[in-house]
Amino acid sequence: MTSAASPPNGHVLLAVSGGIAAYKVPELVRQLGRAGHEVRCILTEAATRFVSPMVLQTLTGAPARSELFDAGEEGEISHIELADWADVVLVAPATADLLARMAGGLAGDLVSTVLLATRAPVLVAPAMNVNMWRHPATQRNLERLRERGVQVEGPEAGELACGWEGEGRMSDPTALAGRVGLMLGGHGWRGVGVLVTAGGTREPIDAVRAVTNRSSGKMGFAIAAEAARRGAEVVLVAGPCSLETPPGVRRVDVETALEMEAAVHESFESCHVAVMSAAVADFRPATPSERKIKKEDLAPGAGLRLELVPNPDILAGISARRGDRVVVGFAAESHDVIEAAKRKLARKACDLLVANDISRSDAGFDTDTNAVFLVSPGGQVEELPLLSKAEVAARLLDRIEKLRGVVR
Ligand code: CTP
């Protein structure tokens, strides 16, 4: 049963169990709220030692319960009503103990009882020590849960609070919120065609050498991943890079700007949103040699003159024929960031420009974080704080969502 009074973006019941990753829960609640979900929290007894129910109550505006037999709280909304209220149950962090109890169908406390009683889809975000995670008992429990349709996000590999390295970190709140959005129907992104370009292009000089740039593709891949998580149909046109294709994304690999242009034009017709985050080489060698240029073929001590010719501006090209599509450009600037971005936005006639200050060491090329300005045609500038590229992607898609409402 789903509550008849569900808001458009649904009810999310967040069940918190007792692990150190519970410190990320307030941020998770914030992100779920920002995505328009109504959130309520329940906690295991152990979880209350890692995150305060009062904090969660303040953030959600609803009691954050941990007791099964609290007469006052049960009077307000019973544990069965809570189980029925949920459109999705997110268990984050999910400890090895709670996964075992879920797999075994135990119902000895509020969280496990609600999990047994609910008919809503359940997403678990495991977080634990790497050896506990790899233990056959945990893996078997997870398998049993998966067989019953429970969805699993993470854990991620990295440095763990217990001092070990390996899988066990709870997934990023942005990733969890995105997955919940997808389970609830994806914010209206279902069926929306999103075309993303990412990475640098490589313009051959000869059979082994090329002109290229330092773009890693991370920002574009994060945008493609987030759009897919929200249910969009994503085509990612990627320059040469070693990143993994995000789940649910159709990837088209290209090398040169001309190949990127052709791939973009091919997918542009069927897209509703185009985000051009690639660092396209502005120039290419005029006459690339099919064979390796040998030094012995040059006069002794002579330099090599390269003639470069301009590449087409892919973004300007699609902007000119965008119809009712939303077109977003990027700008890599090393100085006068905002003024240069405003000029670029006007020149390329896009609906939004994401400006990067590449002079910062914690933002721009090949970093995991980014600090950007969102520049609108009206001259408005929104400065985002330093965020992970996944979070920048989520903020950007939130913004595009609003633009789609206006532009379409
Ligand atoms: N872009 C493009 N085709 C090009 C060059 C850039 O589509 N030949 C797109 C990029 O994908 C990005 C935006 O245009 O969305 C701005 O890219 P950027 O490199 O910052 O600007 P340029 O146009 O190259 O201008 P400049 O190098 O003078 O800053």
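What counts, and where the lines are drawn
- Residues numbered from 1 in each chain as written.
- Predicted model: local features only at pLDDT ≥ 70, side-chain atom pairs only at ≥ 80, totals over all residues.
- Heavy atoms only, no water.
- 1 Å grid on protein atoms, 1.4 Å probe; cavity = no way out; pocket = protein on both sides within 12 Å on 5 of 7 lines; lining within 4 Å.
- Points joined across faces, edges and corners; volume = space filled by probe spheres on them.
- Helix = DSSP H or I, 4+ residues; strand = E, 2+ residues; numbered from the N terminus.
- Nonpolar A, V, L, I, M, F, W, Y, C, P; charged D, E, K, R; others polar.
- Domains from an automatic or database assignment.
- Near = heavy atom within 4 Å.
- Polar contact = N/O pair within 3.5 Å; in protein donor to acceptor, adjacent residues only side chain to side chain.
- Areas by Shrake-Rupley, 256 points an atom, 1.4 Å probe, with all protein chains shown as cover.
- Sits in = over half its atoms within 2 Å of the grid points.
- Phe/Tyr/Trp six-rings, centres within 6.5 Å; stacked < 30°, edge-to-face > 60°.
- Lys NZ or Arg CZ within 6 Å of the ring centre and 35° of its normal.
- Pairing = 2+ DSSP bridges.
- Axes fitted to C-alpha atoms, helices over the stretch in contact; angles between N-to-C directions.
- Contact = heavy atoms within 4.5 Å.
- Buried area = accessible area lost by both parts, 1.4 Å probe.
- Salt bridge = Lys/Arg side-chain N within 4 Å of Asp/Glu carboxyl O.
- Core = buried A, V, L, I, M, F, W, Y, C linked by side-chain atoms within 4.5 Å.
- Buried < 20%, exposed > 50% of the residue type's maximum accessible area, 1.4 Å probe, protein only.

Colleague: I'd love a proper account of empty space enclosed by the protein, names of residues and values included.
Modeller: With the rule as written, the count across this model stands at 2 cavities of 30 Å³ or more. In this structure, the largest cavity encloses a volume near 100 Å³. Mapped onto the lining of the largest cavity, the elements with two or more residues apiece are helix H1 (25-34), helix H9 (173-183) and helix H14 (389-407). The element that contributes the greatest number of residues to the lining of the largest cavity is H9, accounting for 3 residues. Residues of the lining of the largest cavity, tallied by class, amount to 3 nonpolar, 4 polar and 4 charged. Of the residues that make up the lining of the largest cavity, three or more belong to each of domain 1 (11-183) and domain 2 (188-404).

Colleague: Mind laying out the site of the ligand, listing which residues take part and the relevant values?
Modeller: Residues in close proximity to the ligand total 15 residues, the closest being Met276, Ala278, Leu315, Lys344 and Lys348. Within the backbone of Ala278, one N or O atom sits 2.7 Å away from an oxygen atom of the ligand. At a separation of 2.9 Å, a nitrogen atom of the ligand approaches a polar backbone atom of Pro312. Relative to its free-state accessible area of 570 Å², the ligand is covered by the protein chains to the extent of 79%. Counting atoms within 2 Å of the grid points, the majority share of the ligand lands in the second largest pocket.

Colleague: How would you explain the packing of aromatic side chains if you had to name every residue and give the values?
Modeller: Counting across every chain of the model gives 0 aromatic pairs. The side chain of Arg325 reaches across the aromatic face of Phe268, ending 4.5 Å from its centre.

Colleague: Before we move on, could you go through the layout of surface pockets and cite the residues and values that matter?
Modeller: Within this model, the largest pocket holds a volume of roughly 1100 Å³. Contributing to the lining of the largest pocket are 33 residues, with Glu156, Ala222, Ala225, Arg229 and Ala390 lying nearest its centre. Where the lining of the largest pocket is concerned, the elements lending two or more residues are H1, strand E6 (156-159), H9, helix H10 (218-229) and H14. Among the elements that take part in the lining of the largest pocket, H10 stands out by supplying 7 residues, more than any other. Here the lining of the largest pocket is built from residues that sort into 13 nonpolar, 6 polar and 14 charged. Estimates place the volume of the second largest pocket at around 800 Å³. Broken down by secondary-structure element, the contributors of at least two residues to the lining of the second largest pocket are strand E8 (193-198), H10, helix H12 (314-319), strand E16 (326-333) and helix H13 (337-348). Split into classes, the residues belonging to the lining of the second largest pocket amount to 19 nonpolar, 13 polar and 8 charged.

Colleague: Tell me about the sheet that holds E8, and name the residues and values.
Modeller: Strand-to-strand pairing in sheets goes through backbone hydrogen bonds, with the strands running parallel or antiparallel. Taken together, the 8 strands give an open sheet; going across it, the order is E12-E11-E8-E13-E16-E17-E19-E20, and neighbouring strands pair in mixed fashion. Each edge of the open sheet is held by one strand with a lone partner, namely strand E12 (249-253) and strand E20 (381-383). The average undirected angle you get between the axes of adjacent strands in this sheet is 15 degrees. Bridge analysis of strand E17 (residues 352-357) against strand E19 (residues 372-375) gives 4 bridges, and the strand direction is antiparallel. Note that in E19 the partner of Asn356 across the bridge is Val372. The sheet strands contacting helix H11 (residues 257-268) are E8, strand E11 (233-238), E12, strand E13 (273-276) and E16, and the helix crosses E8 at an angle near 170 degrees.

Colleague: A description of the domain arrangement of the chain should follow, citing residues and the corresponding values.
Modeller: When the parts of a complex come together, some accessible area is lost, and that lost area is often used as the size of the interface. What the domain assignment lists for the chain is domain 1 (11-183) and domain 2 (188-404). The C-alpha centroid of domain 2 is placed 37 Å from the C-alpha centroid of domain 1. Across the boundary between the two partners, domain 1 contributes 9 residues, which contact 11 residues of domain 2. Across the domain 1 to domain 2 interface the summed buried area is about 720 Å²; carbon plus sulfur atoms make up 48%. Three residues, Arg34, Thr174 and Leu182, lead the burial of domain 1 against domain 2; their summed loss comes to 61% of the area buried on that side. There are 0 salt bridges connecting domain 1 and domain 2. Summed over the shared surface of domain 1 and domain 2, the result is 1 residue pair in polar contact (both at pLDDT 80 or more). Elements with a minimum of two residues in the side of domain 1 that touches domain 2: H1 and H9. Looking at side-chain class alone, the side of domain 1 that touches domain 2 contains 2 nonpolar, 3 polar and 4 charged residues.

Colleague: So what's going on with the nonpolar core? Which residues, and what values?
Modeller: Counting residues in hydrophobic clusters, the biggest one holds 34 residues, and the most contacted among them are Val194, Val234, Leu396 and Ile400. The element that contributes the greatest number of residues to this core is H10, accounting for 7 residues. Val194 has contacts with Trp189, Ala227, Ala232, Glu233, Val234, Val235 and Val273, leaving out every residue within four places of it along the chain. Core analysis: the second largest hydrophobic core is formed by 30 residues, Trp85, Val91, Ala94 and Val114 among them.

Colleague: How would you sum up unusual backbone geometry? Please name residues and give values.
Modeller: Residue Pro93 is bonded to the preceding Ala92 through a cis peptide linkage, with omega at -10 degrees. Secondary-structure assignment places Pro93 in strand E3 (residues 88-94). Following Gly154, the chain continues to Pro155 via a peptide bond in cis, the omega torsion being 5 degrees. Tracing the chain through its elements places Pro155 in the loop between strand E5 (151-152) and E6. At Asp336, a position not held by glycine, the phi torsion is positive, near 45 degrees. Relative to the assigned elements, Asp336 resides in the loop between E16 and H13.

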